[in-house]
Amino acid sequence: INTNAALGTPTIARFLRRHRFEVITSLDGPTEGNNLIRRARRGGPTYRRILRGFDRLAAAGLPVRAAHVVMTSANVRHLTAAFLRRVRRRGFLSVTIEPDFTAPLRLTPEALADRLMTLRRAGRRLGMTVIGLWERPYERIVRHARHTDSHFCHDLAGDTLSVLPDGTLCACAFSDTRIGQLKDAIRCGAPPDFQPSEAVRSLTESPRARRNPACRGSEIEGDCAR
(Lines give C-alpha, C1' and ligand atoms only; values in the text may rest on other atoms or scores of the structure.)
Protein backbone atom coordinates (compact mmCIF):
# COMPACT_ATOMS: atom_id res chain seq x y z
CA ILE A 1 0.00 0.00 0.00
CA ASN A 2 1.28 3.46 -0.88
CA THR A 3 0.56 6.10 1.74
CA ASN A 4 2.19 9.16 3.25
CA ALA A 5 1.07 7.80 6.65
CA ALA A 6 -0.04 11.26 7.85
CA LEU A 7 -3.44 9.93 8.92
CA GLY A 8 -2.10 6.63 10.22
CA THR A 9 -3.21 5.67 13.72
CA PRO A 10 -1.87 2.87 15.92
CA THR A 11 -5.03 0.91 15.12
CA ILE A 12 -4.48 1.26 11.37
CA ALA A 13 -0.81 0.31 11.77
CA ARG A 14 -1.71 -2.86 13.67
CA PHE A 15 -4.34 -3.73 11.04
CA LEU A 16 -1.79 -3.41 8.24
CA ARG A 17 0.71 -5.53 10.14
CA ARG A 18 -1.85 -8.20 10.98
CA HIS A 19 -2.86 -8.53 7.35
CA ARG A 20 0.76 -8.58 6.12
CA PHE A 21 0.74 -5.36 4.11
CA GLU A 22 3.96 -3.88 2.82
CA VAL A 23 4.09 -0.08 3.00
CA ILE A 24 5.67 2.34 0.56
CA THR A 25 5.47 5.94 1.63
CA SER A 26 5.32 9.35 -0.01
CA LEU A 27 7.80 11.85 1.39
CA ASP A 28 8.84 14.85 -0.66
CA GLY A 29 12.05 15.86 1.05
CA PRO A 30 13.20 16.98 4.49
CA THR A 31 11.04 19.27 6.62
CA GLU A 32 11.06 22.41 4.49
CA GLY A 33 11.12 20.65 1.12
CA ASN A 34 8.22 18.37 1.98
CA ASN A 35 6.12 21.14 3.52
CA LEU A 36 6.55 23.36 0.47
CA ILE A 37 4.56 21.02 -1.73
CA ARG A 38 2.70 18.60 0.53
CA ARG A 39 0.18 20.50 2.61
CA ALA A 40 -2.74 19.38 4.73
CA ARG A 41 -6.27 20.08 3.51
CA ARG A 42 -6.38 23.31 5.51
CA GLY A 43 -2.92 24.36 4.37
CA GLY A 44 -0.84 23.25 7.33
CA PRO A 45 2.51 21.43 7.13
CA THR A 46 2.59 17.63 7.04
CA TYR A 47 6.19 16.56 7.68
CA ARG A 48 5.85 15.89 11.40
CA ARG A 49 2.52 14.13 10.89
CA ILE A 50 4.08 11.88 8.26
CA LEU A 51 7.01 10.96 10.51
CA ARG A 52 4.61 10.27 13.37
CA GLY A 53 2.83 7.85 11.04
CA PHE A 54 6.17 6.17 10.26
CA ASP A 55 6.84 5.75 13.96
CA ARG A 56 3.41 4.18 14.51
CA LEU A 57 3.98 1.73 11.69
CA ALA A 58 7.40 0.81 13.10
CA ALA A 59 5.94 0.36 16.58
CA ALA A 60 3.42 -2.09 15.11
CA GLY A 61 6.25 -4.09 13.55
CA LEU A 62 5.89 -2.66 10.05
CA PRO A 63 8.81 -0.28 9.44
CA VAL A 64 8.77 1.68 6.19
CA ARG A 65 11.64 0.76 3.88
CA ALA A 66 10.82 2.65 0.67
CA ALA A 67 9.73 6.17 -0.23
CA HIS A 68 8.37 7.85 -3.34
CA VAL A 69 9.51 11.45 -3.85
CA VAL A 70 8.08 13.98 -6.30
CA MET A 71 10.78 16.43 -7.41
CA THR A 72 9.44 19.90 -8.21
CA SER A 73 10.93 23.34 -8.74
CA ALA A 74 9.91 24.12 -5.16
CA ASN A 75 11.64 21.26 -3.36
CA VAL A 76 14.47 20.28 -5.73
CA ARG A 77 17.15 22.18 -3.80
CA HIS A 78 16.18 20.29 -0.64
CA LEU A 79 16.65 16.86 -2.22
CA THR A 80 20.27 16.30 -1.29
CA ALA A 81 22.57 13.64 0.09
CA ALA A 82 21.70 14.95 3.57
CA PHE A 83 18.05 14.04 2.94
CA LEU A 84 19.06 10.54 1.87
CA ARG A 85 21.18 10.15 5.01
CA ARG A 86 18.22 11.16 7.11
CA VAL A 87 15.86 8.57 5.66
CA ARG A 88 18.61 5.93 5.66
CA ARG A 89 18.93 6.37 9.42
CA ARG A 90 15.24 5.52 9.58
CA GLY A 91 15.93 2.24 7.83
CA PHE A 92 14.92 3.21 4.29
CA LEU A 93 16.47 1.03 1.60
CA SER A 94 14.95 2.53 -1.54
CA VAL A 95 13.94 6.01 -2.69
CA THR A 96 12.08 6.54 -5.96
CA ILE A 97 12.49 10.09 -7.24
CA GLU A 98 10.28 11.29 -10.09
CA PRO A 99 10.43 14.80 -11.57
CA ASP A 100 7.01 16.45 -11.64
CA PHE A 101 5.33 15.73 -14.98
CA THR A 102 2.52 18.27 -14.57
CA ALA A 103 4.80 21.28 -14.01
CA PRO A 104 8.23 20.70 -15.54
CA LEU A 105 11.18 21.76 -13.41
CA ARG A 106 12.92 25.02 -14.15
CA LEU A 107 16.17 23.19 -14.82
CA THR A 108 18.00 22.41 -18.01
CA PRO A 109 18.03 18.71 -18.95
CA GLU A 110 21.74 18.65 -18.16
CA ALA A 111 21.25 20.14 -14.69
CA LEU A 112 18.39 17.76 -13.94
CA ALA A 113 20.40 14.73 -15.07
CA ASP A 114 23.34 15.88 -12.94
CA ARG A 115 21.12 16.25 -9.88
CA LEU A 116 19.59 12.81 -10.32
CA MET A 117 22.95 11.12 -10.90
CA THR A 118 24.40 12.87 -7.84
CA LEU A 119 21.56 11.50 -5.73
CA ARG A 120 21.96 8.06 -7.27
CA ARG A 121 25.66 7.97 -6.36
CA ALA A 122 24.95 9.26 -2.85
CA GLY A 123 22.37 6.52 -2.38
CA ARG A 124 24.83 3.85 -3.42
CA ARG A 125 27.34 5.08 -0.86
CA LEU A 126 24.64 4.74 1.79
CA GLY A 127 23.58 1.26 0.67
CA MET A 128 20.32 2.53 -0.82
CA THR A 129 18.82 2.36 -4.29
CA VAL A 130 17.75 5.66 -5.83
CA ILE A 131 15.58 4.93 -8.84
CA GLY A 132 12.90 6.39 -11.11
CA LEU A 133 11.53 6.22 -14.63
CA TRP A 134 14.39 8.50 -15.66
CA GLU A 135 16.59 5.39 -15.47
CA ARG A 136 14.98 3.96 -18.59
CA PRO A 137 17.05 5.85 -21.23
CA TYR A 138 20.29 4.90 -19.47
CA GLU A 139 19.11 1.32 -19.07
CA ARG A 140 18.20 1.12 -22.76
CA ILE A 141 21.70 2.27 -23.70
CA VAL A 142 23.40 -0.19 -21.35
CA ARG A 143 21.14 -3.06 -22.33
CA HIS A 144 21.65 -2.34 -26.01
CA ALA A 145 25.40 -2.45 -25.45
CA ARG A 146 25.13 -5.87 -23.79
CA HIS A 147 22.44 -7.48 -25.93
CA THR A 148 21.42 -7.51 -29.54
CA ASP A 149 17.81 -6.80 -28.59
CA SER A 150 16.38 -4.18 -26.28
CA HIS A 151 12.83 -3.77 -24.99
CA PHE A 152 10.89 -1.38 -22.82
CA CYS A 153 9.22 -4.38 -21.20
CA HIS A 154 11.78 -6.54 -19.40
CA ASP A 155 9.58 -9.59 -19.91
CA LEU A 156 10.15 -9.41 -23.66
CA ALA A 157 13.88 -9.73 -23.06
CA GLY A 158 13.30 -12.79 -20.91
CA ASP A 159 14.46 -11.03 -17.76
CA THR A 160 11.25 -11.03 -15.71
CA LEU A 161 7.64 -12.18 -15.60
CA SER A 162 4.62 -10.34 -14.23
CA VAL A 163 2.32 -12.36 -11.99
CA LEU A 164 -1.26 -11.37 -11.17
CA PRO A 165 -2.72 -12.18 -7.72
CA ASP A 166 -4.56 -15.21 -9.13
CA GLY A 167 -1.34 -16.65 -10.54
CA THR A 168 -1.84 -15.58 -14.14
CA LEU A 169 1.41 -14.81 -15.97
CA CYS A 170 1.35 -11.65 -18.10
CA ALA A 171 3.72 -10.22 -20.66
CA CYS A 172 4.20 -7.03 -18.61
CA ALA A 173 2.60 -5.33 -15.65
CA PHE A 174 0.90 -2.97 -18.11
CA SER A 175 -0.09 -5.64 -20.65
CA ASP A 176 -3.17 -7.85 -20.90
CA THR A 177 -1.31 -10.52 -22.85
CA ARG A 178 -1.76 -13.76 -20.88
CA ILE A 179 0.96 -16.35 -21.21
CA GLY A 180 -0.01 -19.03 -18.72
CA GLN A 181 -0.40 -19.81 -15.03
CA LEU A 182 2.29 -19.72 -12.36
CA LYS A 183 1.28 -23.14 -11.02
CA ASP A 184 2.00 -24.66 -14.42
CA ALA A 185 5.34 -22.89 -14.81
CA ILE A 186 6.89 -23.64 -11.41
CA ARG A 187 7.86 -27.15 -10.47
CA CYS A 188 8.26 -27.45 -6.73
CA GLY A 189 11.66 -28.81 -5.91
CA ALA A 190 14.86 -27.77 -4.21
CA PRO A 191 15.27 -25.20 -5.64
CA PRO A 192 12.05 -24.60 -7.60
CA ASP A 193 12.57 -25.09 -11.31
CA PHE A 194 10.97 -22.65 -13.73
CA GLN A 195 9.73 -24.33 -16.89
CA PRO A 196 8.88 -21.79 -19.58
CA SER A 197 5.78 -22.62 -21.58
CA GLU A 198 5.59 -22.40 -25.34
CA ALA A 199 3.73 -19.10 -24.90
CA VAL A 200 6.59 -17.67 -22.81
CA ARG A 201 9.19 -18.98 -25.23
CA SER A 202 7.32 -17.51 -28.18
CA LEU A 203 6.96 -14.18 -26.42
CA THR A 204 10.66 -13.83 -25.68
CA GLU A 205 11.85 -15.07 -29.06
CA SER A 206 9.45 -13.50 -31.54
CA PRO A 207 9.37 -9.71 -30.94
CA ARG A 208 12.79 -9.05 -32.39
CA ALA A 209 13.57 -6.13 -34.63
CA ARG A 210 15.27 -8.36 -37.16
CA ARG A 211 12.11 -10.48 -37.45
CA ASN A 212 9.79 -7.52 -37.91
CA PRO A 213 10.17 -5.87 -41.34
CA ALA A 214 8.42 -2.74 -40.08
CA CYS A 215 11.33 -2.10 -37.70
CA ARG A 216 14.15 -2.39 -40.20
CA GLY A 217 15.80 0.86 -41.07
CA SER A 218 13.81 2.89 -38.53
CA GLU A 219 15.51 5.34 -36.19
CA ILE A 220 14.67 3.09 -33.22
CA GLU A 221 15.45 -0.21 -34.89
CA GLY A 222 17.41 -1.44 -31.87
CA ASP A 223 14.45 -0.90 -29.57
CA CYS A 224 11.68 -1.72 -32.01
CA ALA A 225 9.55 -4.71 -31.08
CA ARG A 226 6.34 -6.07 -32.44
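Residues numbered from 1 in each chain as written. Predicted model: local features only at pLDDT ≥ 70, side-chain atom pairs only at ≥ 80, totals over all residues. Heavy atoms only, no water.

1. Considerations on unusual backbone geometry
Point 1. One non-glycine residue, A5, lies in positive phi territory at about 70 degrees.
Point 2. The residue A5 is located in the loop between β1 (2–3) and α1 (10–18) in this model.
Point 3. Judged by its relative accessible area of 5%, A5 falls in the buried class.
Point 4. Positive phi, normally seen in glycine, also occurs at R20, with a value near 60 degrees.
Point 5. Residue R20 is classed as exposed on the basis of its relative accessible area of 73%. (Helix = DSSP H or I, 4+ residues; strand = E, 2+ residues; numbered from the N terminus. Buried < 20%, exposed > 50% of the residue type's maximum accessible area, 1.4 Å probe, protein only.)

2. Some points on the nonpolar core
Point 1. Formed by 32 residues in total, the largest nonpolar core has its most connected members in L27, F54, L57, M71, L84 and I97.
Point 2. Put simply, the parts of the chain that give this core at least two residues each are α1, α3 (47–59), β3 (66–71), α4 (81–89), β4 (94–99) and α5 (109–125).
Point 3. For this core, the element with the highest residue contribution is α3, accounting for five residues. (Core = buried A, V, L, I, M, F, W, Y, C linked by side-chain atoms within 4.5 Å.)

3. Describing the packing of aromatic side chains
Point 1. For the structure shown, the criterion picks out two aromatic pairs.
Point 2. Judged by centre distance (5.8 Å) and plane angle (55 degrees), the rings of F54 and F92 are tilted. Here the residue F54 occupies a position in helix α3, and F92 occupies one in the loop between α4 and β4, the gap between them amounting to 38 residues.
Point 3. Note on F54: relative accessible area 4%, which makes it buried. (Phe/Tyr/Trp six-rings, centres within 6.5 Å; stacked < 30°, edge-to-face > 60°.)

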